[in-house]
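Notes for the structure review
One-letter residues, chain by chain:
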Amino acid sequence: METQREISRSCKECGGLLVGRIDQIYCSEMCRTSANNKRVREQAQRMPDCIQRIQKTLLQNYKILTGLRSRGTELFSKLYLMDLGFNFHHVTGITEKEGTILYYCFNQGYAVSGEQVILLSEILA
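Structural notes, computed from the coordinates.

Definitions and cut-offs
- Residues numbered from 1 in each chain as written.
- Predicted model: local features only at pLDDT ≥ 70, side-chain atom pairs only at ≥ 80, totals over all residues.
- Heavy atoms only, no water.
- Pairing = 2+ DSSP bridges.
- Helix = DSSP H or I, 4+ residues; strand = E, 2+ residues; numbered from the N terminus.
- Axes fitted to C-alpha atoms, helices over the stretch in contact; angles between N-to-C directions.
- Phe/Tyr/Trp six-rings, centres within 6.5 Å; stacked < 30°, edge-to-face > 60°.
- Buried < 20%, exposed > 50% of the residue type's maximum accessible area, 1.4 Å probe, protein only.

Comments concerning the sheet that holds strand S1 (residues 75-77)
- Strands sit in the order S1-S5-S4-S3-S2 across an open sheet of five strands; the sheet is antiparallel. If you trace the sheet from one side to the other, it starts and ends with S1 and strand S2 (93-97), each paired once. Adjacent strand axes in the sheet meet at a mean angle of 30° when their direction is disregarded.
- In terms of strand pairing, S1 meets strand S5 (residues 116-119) through three bridges, oriented antiparallel.

Below you can see the structure in the form of structure tokens.
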């Protein structure tokens, strides 16, 4: 009768003993999450600072537009948005429809008319 050899495997994050599936890499959900967070932090550190600032600004703009949409009104002043921290210089898309320029921050759209900002209906992906 042939005996199976025990192969000692260890967690890539903490070095703990792995028990279970042969393709298992981490000993727990906590180690998997920790390793993923380290990988994301390392990638962010290699990214140029200008890209990080733009991503942060776009996310801030998105959060502001999403929050305004939940208020149930579509018309806001540009000054009000700027007071909230909105940056009109960063968008993810621009289109023109019937002579009106439409700006997008991900799936949130708006148009500028003078000193007023008009929220567009949300784009579903």
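Examining the packing of aromatic side chains
- For the structure on display, the rule yields six aromatic pairs.
- A centroid spacing of 6.1 Å and a plane angle of 15° characterise the contact between Phe76 and Tyr80, whose relative ring orientation is stacked.
- The interplanar angle of 65° and the centroid separation of 4.7 Å between the aromatic rings of Phe86 and Phe88 together place this pair among those described as edge-to-face.
- Given the relative accessible area of 5%, Phe86 is considered buried.
- In textbook terms, an aromatic cluster arises when at least three aromatic residues are bridged by ring pairs, as seen for Phe86, Phe88, Tyr103 and Tyr110.

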